[in-house]
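# Breakdown of the fold
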Amino acid sequence: MSNNTKEKVLTILKDHKIGTLATIRGGKPYSRFMMFFNEDLVLYTATNKHTHKVEDIEENPYVHILLGYEGQGWNDSYVEIQAKANVEDRQELKEKFWNEHLREWISGPDDPNYVLLQLTPEHILYFEKAGSEPEEL
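Residues numbered from 1 in each chain as written. Predicted model: local features only at pLDDT ≥ 70, side-chain atom pairs only at ≥ 80, totals over all residues. Heavy atoms only, no water.

## Regarding the nonpolar core
One broad trend across soluble globular proteins is that nonpolar side chains are buried collectively. Using the following cut-off: What makes a nonpolar core is a set of buried Ala, Val, Leu, Ile, Met, Phe, Trp, Tyr and Cys residues whose side-chain atoms join them at distances within 4.5 Å. Using a 1.4 Å probe on the protein chains alone, a residue whose accessible area is under 20% of its type maximum counts as buried, one over 50% counts as exposed, and one in between counts as partly exposed. Strands are runs of DSSP state E lasting at least 2 residues, helices are runs of H or I lasting at least 4, and numbering of each runs from the N terminus. In what follows, residue pairs with any heavy atoms lying within 4.5 Å of each other are defined as contacts.
Membership of the largest hydrophobic core comes to 22 residues, with the highest contact counts inside it found for Ile65 and Leu119. Sorting the residues of this core by element identifies α1 (3-15), β2 (28-39), α2 (52-59), β4 (62-67), β5 (78-88) and β6 (114-127) as the ones contributing at least two each. Setting aside its immediate chain neighbours within four residues, leucine 119 contacts Leu21, Phe36, Leu41, Val42, Leu43, Thr45, Val63, Ile65, Ala83, Lys84 and Ala85. Ala46, Leu93, Leu102 and Tyr114 belong to the second largest nonpolar core, which has 11 residues in total.

## Some details on α1
Selection criterion: To estimate how far a helix should extend, the number of its residues minus one is multiplied by 1.5 Å. Our arc is simply the arc of the directions from the helix axis toward the C-beta atoms.
Compared with the 18 Å implied by 1.5 Å per residue over 13 residues, the 18 Å span of α1 between its first and last C-alpha is a close match. All buried positions along α1 are accounted for by Thr5, Lys6, Val9, Leu10, Ile12 and Leu13. Mapping the buried residues of α1 onto a view down its axis gives an arc of 155°, with all of them on the same face. For α1, the exposed residues lying more than 90 degrees away from the buried face are Asn3 and Lys14. Looking at the buried residues of α1, the elements they touch are β2, β3 (42-48), β4, β5, β6 and β7 (135-136).

Here it is in structure tokens:
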């Protein structure tokens, strides 16, 4: 693993909090925009435990994440991440990753329906820009 590539990936994770999360539903991909947080290369995203994405992950824990591209042109760097997801409900993590932007869906860090999806990468590709050769991490 190249430290340089890891640093580039961590910069994307730090600077870009909104991306897409794709799960498998009925054997087909289903994507939605999510807000992501991270601890090193492990990503977390908040959700209500009664959502379809939680059901999707219980049936098939493998997900795909896109982060970084801002649509400013074809020169934005981005990452593609294949990860294994699990539902995480430890209170200390829920408090750590609580964000007021989540209030539209979750009442607060103590909401009994608030869970995190922990997304542990299995394969990461970093792209300097669209069409560039990916750097694998």
